[in-house]
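In case you want the letters, here they are:
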Amino acid sequence: MQKILTTCIYCGCGCGLYLTEDKGIITGAYPSIKHPVSKGALCVKGWNSYEFVNSLDRLTHPLIKENGKFRKATWDEAIKLIAEKFKAFSAESGADSLAFLSSAKTTNEENYLMMKLARAVFKTNNVDHCARLCHASTVAGLAATFGSGAMTNSINEFQEADCYLITGSDTTSQHPLIGSRIINSVLNRGAKLIIVDPRKIELSKYAAVNLQQKNGTDVAWVNGMMHVIIKEGLQDEAYIQARTEGFAELKELVGEYTPEYVEKITTIPKEKLIEAARLYAVTKKAMIVYSMGITQHTTGVDNVKSLANLAMLTGHVGFPSTGVNPLRGQNNVQGACDLGALANVFSGYQKVTDAAAREKFEKAWGVSGLPANIGLTVTEIITAAGGGKVKGLYIMGENPMISDPDQNHVRKCLEKTEFLVVQDIFLTDTAQYADVILPGASYAEKDGTFTNTERRCERVRKAIEPLGEAKADWRILCDVAVACGYNGMNFSHPSEVMEEIRSVTPIYGGMRYDRLEPHGLQWPCPTLDHPGTPYLHKDKFSKGKGTFMPRPFIEPRENTDEEFNFILSTGRIYWHWHTRTLTGRTSTLEREAPVPYVEIHSEDAAEMGIKNKEKVRVTSRRGQIELQALITDRVVRKSCFIPFHYREAAANVLTINAIDPIAKIPEYKVCAVKVEKL
Amino acid sequence: MRRKGRKIMTLKKISKADVLELLECCAKTWKTYVPLETEGKDILFSLLPTSGSELKEALGKVNLNDERVIISPKDIFFPQLDDMFYFDKDKIKENVEPPAKKLIFGVKPCDAKAINFVDEFFKRNFEDIYYLSRTKDRLIVVIGCITPPRPDACFCTSAKTGPFANDGYDLQLVDIGDEYLVEVGSSEGENFINSYSDFFKDAQEEKLVKAQVVKSQAAKNVKLKVDFQKALEIMKGNKDLEENYKRISERCIYCGGCVYVCPTCTCFNVFDEKKDGNGIRRKNWDACVFEGYTREASGHNPRDKKVQRTARRYEHKLKYDHSVTGSSGCTACGRCLTSCPVEIGMSKFIQEITEDKKGA
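Worth saying up front: this structure is predicted, and the values here are computed from it rather than measured.

A. Broad picture of the overall build of chain B. Counting its secondary structure elements, chain B contains 14 helices and 12 strands. Scaling as 2.2 N^0.38, a compact globule of 360 residues should have a C-alpha radius of gyration of about 21 Å, and chain B matches this with 22 Å. The principal-axis extents of the C-alpha atoms in chain B amount to approximately 65 × 60 × 40 Å. Within the span of chain B, comprising 360 residues, buried residues form 57% of the whole. With an accessible surface of roughly 15,600 Å², chain B has 49% of that area assigned to carbon and sulfur atoms. Put simply, chain B has 60 plus and 55 minus side-chain charges, and the middle of one group is 2 Å from the middle of the other.

B. How the structure looks around the domain arrangement of chain B. Residues and elements named next belong to chain B. Domain boundaries in chain B define domain 1 (12-73 + 92-221) and domain 2 (228-268 + 286-355). When domain 1 packs against domain 2, the two sides together hide about 1,900 Å² of surface, and 67% of this comes from carbon and sulfur. Among the residues domain 1 hides against domain 2, the three largest losses belong to F117, R150 and F155. Together they make up 32% of the total. A salt bridge links D111 to R335; the nearest nitrogen and oxygen atoms lie 2.8 Å apart. Counting the contacts that link domain 1 with domain 2 gives 6 residue pairs in polar contact (both at pLDDT 80 or more). Elements represented by at least two residues in the side of domain 1 that touches domain 2 include exactly α3 (109-124) and α5 (156-159). The residue inventory of the side of domain 1 that touches domain 2, partitioned by class, reads 14 nonpolar, 3 polar and 7 charged.

C. The packing of helix α3 (residues 108-121) of chain A against helix α21 (residues 494-504) of chain A, seen in detail. Residue and element names in this part refer to chain A. Put simply, α3 and α21 touch, their axes get as near as 9 Å, and they point 65 degrees apart. Between α3 and α21, the interaxial angle falls into the category roughly perpendicular. The chirality of how α3 crosses α21 is left-handed. Only P494, V497, M498, E500, I501 and V504 of α21 make contact with α3, whose side of the interface consists of N108, E109, Y112, L113 and K116.

D. Local environment of the pairing of strand β2 (residues 16-22) of chain A. Residues and elements named next belong to chain A. Counting buried positions over the 7 residues of β2 gives 6, a clear majority of the element. Note that β2 and strand β3 (residues 25-31) share 6 bridges and pair antiparallel. Across the sheet, the residue bridging to L19 is A29, located in β3. In this structure, the hairpin formed by β2 and β3 is closed by a connection of 2 residues, where K23 is found at a positive phi of approximately 50 degrees.

E. The domain arrangement of chain A, seen in detail. All names here are of chain A. Segmentation of chain A into domains returns domain 1 (2-54), domain 2 (63-130 + 331-522), domain 3 (152-326) and domain 4 (566-677). Relative placement of domain 1 and domain 3: their C-alpha centres are 33 Å apart. Between domain 1 and domain 3, the residue contacts involve 12 residues of the former and 10 residues of the latter. Carbon and sulfur atoms make up 63% of the area that domain 1 and domain 3 hide from each other, which totals about 730 Å².

F. Seen up close, the pairing of strand β18 (residues 456-460) of chain A. All names here are of chain A. Taken across its 5 residues, β18 has 5 buried, putting it largely inside the fold. The sheet contact formed by strand β17 (residues 448-451) and β18 spans 4 bridges and is antiparallel. Each bridged residue has a counterpart across the sheet, and for G448 the counterpart in β18 is V460.

G. Layout of the pattern of salt bridges. Applying the stated criterion to the full structure yields 66 salt bridges over all chains. Linking K23 of chain A and D22 of chain A is a salt bridge whose minimum nitrogen-to-oxygen distance equals 3.4 Å. The class for K23 of chain A is exposed, based on a relative accessible area of 69%. Among the ionic pairs, E179 of chain B bridges to K13 of chain B, the shortest N-O distance being 3.5 Å. With E179 of chain B in strand β9 (residues 179-184) and K13 of chain B in strand β1 (residues 12-15), this residue pair connects regions lying 166 residues apart in the sequence.

H. Just unusual backbone geometry, in detail. All names here are of chain A. Between E517 and the following residue, P518, the backbone shows a cis peptide bond with an omega angle of -10 degrees. Relative to the helices and strands, P518 resides in the loop between α21 and β19 (521-522). At the junction of W523 and P524, the peptide bond is cis and its omega measures out at 0 degrees in the coordinates. With respect to the helices and strands, P524 occurs in the loop between β19 and β20 (546-547). Even without being glycine, Y349 reaches a positive phi, approximately 60 degrees. In this structure, Y349 sits in the loop between α15 (333-338) and α16 (355-365).

I. Spotlight on empty space enclosed by the protein. Residue and element names in this part refer to chain B. The tally for this structure, following the rule as stated, stands at 10 cavities of 30 Å³ or more. In terms of lining, the second largest cavity is formed by 19 residues, of which the most central are C252, C258, V289, Y314 and I344. Of all elements in the fold, only α10 (257-261) and α12 (306-325) reach the threshold of two or more residues within the lining of the second largest cavity. For the lining of the second largest cavity, a count of residues per class yields 14 nonpolar, 4 polar and 1 charged.

J. The sheet that holds strand β14 (residues 392-396) of chain A, seen in detail. Residues and elements named next belong to chain A. Reading across the sheet, the 7 strands line up as β5-β4-β16-β15-β14-β6-β7 and stay open at both edges, with mixed pairing between neighbours. Each edge of the open sheet carries a strand with a single partner, namely β5 (69-72) and β7 (127-128). With 2 bridges joining them, strand β6 (residues 98-101) and β7 adopt parallel strand pairing. Counterpart to L101 in the pairing with β7 is D128.

K. Fine view of a negative patch on the surface. Among the surface-exposed residues, D240, E242, E243 and E250 of chain B lie close enough to one another that they form a single negatively charged patch. By secondary structure assignment, the location of E242 of chain B is in helix α9 (residues 242-251).

L. Representation of helix α8 (residues 228-236) of chain B in the model. Residue and element names in this part refer to chain B. Regarding α8, the residues found buried are F228, A231, L232, I234 and M235. Projection of α8 onto a plane perpendicular to its axis shows the buried side chains occupying an angular sector of 165 degrees, all on one side. Where α8 is buried, its residues contact α5, α9, α12 and α14 (346-355). Between a side-chain oxygen at the N-terminus of α8 and the backbone nitrogen of Q229 the separation is 3.3 Å; the capping residue is D227.

M. Main features of the sheet that holds β17 of chain A. Residues and elements named next belong to chain A. Here we have 3 strands laid out as an open sheet, ordered β17-β18-β19, and antiparallel in their pairing. Each edge of the open sheet carries a strand with a single partner, namely β17 and β19. Its contacts with the sheet put α3 on β17 and β18, and the angle it makes with β17 is roughly 95 degrees.

N. Up close: the packing of aromatic side chains. If you walk through the whole model with that rule in mind, you get 41 aromatic pairs over all chains. Taken together, a centroid distance of 6.0 Å and an interplanar angle of 10 degrees make the contact between Y30 of chain A and W285 of chain B stacked. Residue Y30 of chain A is located in strand β3, and its partner W285 of chain B is located in strand β12 (residues 278-285); the two belong to separate chains. Residue Y30 of chain A is classed as buried on the basis of its relative accessible area of 1%. What makes W285 of chain B buried here is its relative accessible area of 2%. With a centroid separation of 5.8 Å and an interplanar angle of 55 degrees, the aromatic rings of F247 of chain A and F548 of chain A are classed as tilted. Of this pair, F247 of chain A sits in helix α10 (residues 247-254) while F548 of chain A sits in the loop between β20 and β21 (566-571), placing them 301 residues apart in sequence. The exposure class assigned to F548 of chain A is buried, which follows from its relative accessible area of 4%. The ring of F426 of chain A carries R585 of chain A above its face, with NZ or CZ at 3.9 Å from the centroid. Taking the ring centre of F268 of chain B as reference, the NZ or CZ of K283 of chain B above it sits at 4.4 Å.

O. Spotlight on the packing of α9 of chain B against α12 of chain B. Residue and element names in this part refer to chain B. Packing of α9 against α12 leaves a shortest axis separation of 8 Å and a crossing angle of 110 degrees. The pairing of α9 with α12 is recorded here as roughly perpendicular in orientation. With respect to the hand of their crossing, α9 and α12 are arranged in right-handed fashion. Between α9, through E242, Y245, K246, I248 and S249, and α12, the contact on the second element is made entirely by K306, V307, T310, A311, Y314 and E315. Residues belonging to the contact of α9 with α12 are distributed by class as follows: 5 nonpolar, 2 polar and 4 charged.

P. Here's a closer look at the environment of T354 of chain B. Residues and elements named next belong to chain B. Position of T354 among the secondary structure elements: in helix α14. On the basis of relative accessibility, which here comes to 8%, the residue T354 falls in the buried class. Put simply, T354 and K230 are 124 residues apart on the chain and 6.4 Å apart in space, counted from C-alpha to C-alpha. Aside from chain neighbours lying at most four places away, what touches T354 is D227, K230, A231 and I234.

Procedures and definitions
- Residues numbered from 1 in each chain as written.
- Chains lettered and ligands numbered in written order.
- Predicted model: local features only at pLDDT ≥ 70, side-chain atom pairs only at ≥ 80, totals over all residues.
- Heavy atoms only, no water.
- Helix = DSSP H or I, 4+ residues; strand = E, 2+ residues; numbered from the N terminus.
- Rg over C-alpha atoms; globule rule 2.2 N^0.38 Å.
- Buried < 20%, exposed > 50% of the residue type's maximum accessible area, 1.4 Å probe, protein only.
- Areas by Shrake-Rupley, 256 points an atom, 1.4 Å probe, with all protein chains shown as cover.
- Lys, Arg positive; Asp, Glu negative; His and termini not counted.
- Charge placed at Lys NZ, Arg CZ, Asp CG, Glu CD.
- Domains from an automatic or database assignment.
- Buried area = accessible area lost by both parts, 1.4 Å probe.
- Salt bridge = Lys/Arg side-chain N within 4 Å of Asp/Glu carboxyl O.
- Polar contact = N/O pair within 3.5 Å; in protein donor to acceptor, adjacent residues only side chain to side chain.
- Nonpolar A, V, L, I, M, F, W, Y, C, P; charged D, E, K, R; others polar.
- Axes fitted to C-alpha atoms, helices over the stretch in contact; angles between N-to-C directions.
- Parallel < 35°, antiparallel > 145°, perpendicular 65-115°, else oblique.
- Left-handed = near helix turned anticlockwise from the far one by under 90°.
- Contact = heavy atoms within 4.5 Å.
- Pairing = 2+ DSSP bridges.
- 1 Å grid on protein atoms, 1.4 Å probe; cavity = no way out; pocket = protein on both sides within 12 Å on 5 of 7 lines; lining within 4 Å.
- Points joined across faces, edges and corners; volume = space filled by probe spheres on them.
- Patch = residues over 30% accessible without salt bridge, like charges linked within 9 Å, V, L, I, M, F, W, Y side chains within 5 Å.
- Arc of directions from axis to C-beta.
- Phe/Tyr/Trp six-rings, centres within 6.5 Å; stacked < 30°, edge-to-face > 60°.
- Lys NZ or Arg CZ within 6 Å of the ring centre and 35° of its normal.

So this is what it looks like as structure tokens:
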């Protein structure tokens, strides 16, 4: 029985855990005591992260679709077919007729290789991944204001903070080992909690101030807080003078956001807004914590910029236990962004539009003519594949059928996609539409690194061989590149890939494998003697001066009307992960939450005569689903919440494919629906 | 095995310098489990390789100090996930482990107590062949604790489960400086000493005195103390503990960790994996804190509230286990506290109800 240290596959906390192995089966998962995040504890998903690995549903050999049916294929056949098709599309219709979806569930090395495959081998920037659906707004918003689009501080700094402003993050559900640190701080040390969320969360009961805003009005309440702070002279003048620019514009813009005006927009009582503003402003160690509730809006970037403004206004950036802390959802969504699986940047956020950056990568990769145009993003790729503009689509470890907005649209697009390759460990809803399916390896079956939400690049270690004929994803990508005649991807181990990453990615410059023992390093880590960076923007911002970027409030795209009179917000629950591909195959987790449901306020339910657990129909302009009603007071009246995990009643049948103009992130958090008793 | 803890008046000692060599010898014929330091600098019970450079390398990682071991050695007999049997349309093939001599070396007294407790459980109402097949021909070598591995959480003196064992071992080693004094607890233990007589030397009477001094100092080193007896009386009595359970259940984030790390927790769930007419029946660790744990097939759940499940856990450990076995189901190892993300633990609960302390 072996016990292999690795990094949890679920959320961005990046807990260190041991997989136990016995005769080729993964028989358990234990927390690491010495790991700085897990410290001997795990959440329920971490404790149960072993089971799906052994599922008999795992894909164990390549499949090729013939006459509408999948048949077993050899690796040679499958890879050759992909190479032929992709080369032909490229020759006939140009490089941008190809597109690649990378994965925040796979390793850093694999994300780097995916973007290298797209860019170096096929000369397209049509490479993106699900960060587009979660924190694209963060990357854009914080890069513009601070110069770096990542969580500013570290997980252990949560243990020292005295005030938390948490908005759009159900922290105990989605980042349990951060949520637990907050609970301990509140109950043991009397730290203060401000919760701004349209829906009550587990942490709400600990809040000093609870603000329940109307969905999609975040810019307004943040501007309102800044209005109060400036009016009462609680801003940090010295900090603003020394470290920021653009304060005058901010002051002017927030001038009109009086608490009364904000109350009209957000429904937040003005007294509560004032109380929250004072508490946050006067507490020295105050952290802003946010997640999808802020980012998944057509104003996602505006929301993020506004929070950045608030933190700069009060001098809450660049010190321990402060900062603006976007909690990254997936285990490696930070890394997938860092390694350039985005349509606009190479690894280390080096822009594809920058000639010097292109030249650098051309030299490193031994190619010429890297494309300068920004590629298509996740939802644009799906639409382009449906419209025939993209002919060859390669999806690794993503399940857009369940995860993307407007499922009926996604289905039509995937049906029409000329040639679809899906590389995954299970036959997902997306894989059903594939022409070729490649069996990848689970996290227990390969080496590599993940980068957690606090920018900690840490090792993933192989505990068992890939099941059946399955292969590590990095190896598959290399095989495809080689089959396409490119010889710059002949890697024999992920550590070699990391050596190349180090040479072209300044923030990862010091991340050599031996240095990542035992618990990783936090970027920026530019050199081999650099100790890593626990918190960003110390003494000065990454971009020099922090820039206030005042934004006016803009309404969400879709508002309620007489027919569609409920606001729908989608999200996740503690027991499940994203499209339930893994947790649905984990007995303990699936047992806790086996059926889809919609949360409805008790008074609305009473009016409509809906009983608890009764089936209801929820309809939007895009489609309808039927599911159980969960009567609760967690949501406010005339709003409802649906977890998006369930294929049986996919919330994304309802959501709107309206996107933020900069980040291209869909507005999962607001759309109009009607609820009917069946 | 049945007379564990029987003191046999053979006074032996083993030099600390010889322990690795002993383990090297044992690894050839025994499945030998010892606390090994991992690449993450944690300590976990692991199986020693049987020979060669792999064994040498593993021996270099043996850590017999008073360190926190994440999971008690219960997982050697009761792994987190276990294949029970394989089936197809026609037949069932049991997956019972073939008999093998097992040496569990370096077990802490509280964990040894727990192993015996779990042994009894898996025999009491039904014979769990998957568990019992793994406990055959098993030898347990306890090493008592000089300093508590979890200084703020160990409370073994309160449960009388440590820092040295009174029974439940085949051999117990007492750290008396450069050597361990060896206490023999069973005939199997004595046979073991005889089989490896090169390593076990006769000890003089004065070593026994030294061992007594070490043991009494070790007991003093355990600072955390709770009143088990009083807790039991309170739980048997009329005192309303609803508020205590409520506070705990509200703080709890339902990770299941307290149950998973508990060396005496025995609950498992059973489920089938099926594909193309073939399948595997598997069992894995379950936890009574989950809603699905007590949900009935109809959907009705007699303990659908968190507070009810919290109450059940404490009542089971402290009251029910005591009524059935005569001793508490808590061996006071402190793991539930140190593995709880929100700092809930059995010692805190007992303190709270016996000392009227506030806070979970």
